[in-house]
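Each chain, letter by letter, is given below.
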Amino acid sequence: MDSQTKAPSPYAILHGWLAGSYVRPDGQQVIGRVWDEDTKYRYGLYLAGIDAPPGWKQDWFTYIGDFVWRFEPLHIQDWAARLTAFDGAPLAATSRGRAVSAVRSFYAHCEDALGAARWNLPPRRALAGPTPPSVRETLTRFQTDALRTAADRYRGPHPERARLATYMTLAGLRPGQSIAAVMQYVQRDNQAGPTWKLPVKNNSASAVGPLTSIPRPLVWALDEYLPVRTYKAPHSTETEGPLLVSRTGRGLDHVTFTRLLREVAATHPGLKEIAPALHPDVVAHSPSPFADESAEAGGDGR
């Protein structure tokens, strides 16, 4: 494929590739992958304009023309930047990335299966530009208020523990932080009010943040939970070990913590629909119902 005069038709290669059957340079017939219809349509459209509406001429082969085997990465960048949807609107970043993936996949096929020269193409991100991060899922303020109400009314197993775990999540703690919180870092008798050290987000349990005040709603939940906390040696004691423990005295794991939160949510009619798939991270990133009660708890926290 180094010689433009001897180069095969890219259209013929594409059709054979997408059909799942092509001929190697040594003449061997190869049965390739089975493509799903969506991928075949997308690759055919972006590479060769197959099934494109009248007047749409933005496919890669049309753009690159005689340089189809002698292009530079800059050509792909320029092509991707010019792409538009059928209505003429600029192509969304995600779709632009898929178009670039079609080009990269085609040339990877030419390299690996047909013995073509290697193009050493940069990653898709470098050719198509960064894809904006997806919008983070959150609950509405109505839903977080409903979850707080559900925690207050929960009458399942260990309701005090369920309420504290839910309150910690509603206060913005990630599930890993709540699970890794230990009794040694809870200081209940400070003159300035109850305080604690919490595990740092996205870090190990041994990395803790500075001593901070416990929000007043959490103080109330903590006061109800500590007298019934089911600590059992050697996993936990009254003053040491995980704050949130199971009936065996062991700390909760992520699966149990998530199941507990979903069980609480399922008791509220406004949350029943989302409860089976609710994740603590979503709750932690949502508007807190404690936002208006963020004053530090003084004295006995009441």
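Residues numbered from 1 in each chain as written. Predicted model: local features only at pLDDT ≥ 70, side-chain atom pairs only at ≥ 80, totals over all residues. Heavy atoms only, no water.

Participant: Hey, could you run me through the nonpolar core in this one?
Facilitator: One broad rule of soluble globular proteins: the nonpolar side chains tend to lie buried together. If you look at the biggest cluster of nonpolar residues, it comprises 40 residues, and the most contacted ones within it are Leu147, Leu164, Met168, Trp196, Leu243 and Leu244. Elements represented by at least two residues in this core include exactly α7 (141-153), α8 (159-170), α10 (216-225), α11 (254-265) and α12 (280-284). For this core, the element with the highest residue contribution is α8, accounting for 6 residues. Not counting chain neighbours up to four residues away, the residues in contact with Leu243 comprise Leu164, Met168, Ala181, Val182, Met183, Trp196, Leu222, Tyr225, Leu226 and Arg229. Counting 38 residues, the second-largest nonpolar core is a separate cluster that includes Ile76, Leu83, Val103 and Leu127. (Core = buried A, V, L, I, M, F, W, Y, C linked by side-chain atoms within 4.5 Å. Buried < 20%, exposed > 50% of the residue type's maximum accessible area, 1.4 Å probe, protein only. Helix = DSSP H or I, 4+ residues; strand = E, 2+ residues; numbered from the N terminus. Contact = heavy atoms within 4.5 Å.)

Participant: What is the right way to look at unusual backbone geometry in this model?
Facilitator: Trans is the common state for peptide bonds, and a negative phi is the common state for residues other than glycine. Going from Ala233 to Pro234, the amide bond is cis rather than trans, its omega being 5°. On the secondary structure map, Pro234 appears in the loop between α10 and α11. Although it is not a glycine, Asn120 sits at a positive phi angle of roughly 50°. On the secondary structure map, Asn120 appears in the loop between α5 (93-114) and α6 (124-128). For Asn120, a relative accessible area of 63% translates into the label exposed. One non-glycine residue, His158, adopts positive backbone phi at about 50°. Tracing the backbone shows His158 in the loop between α7 and α8.

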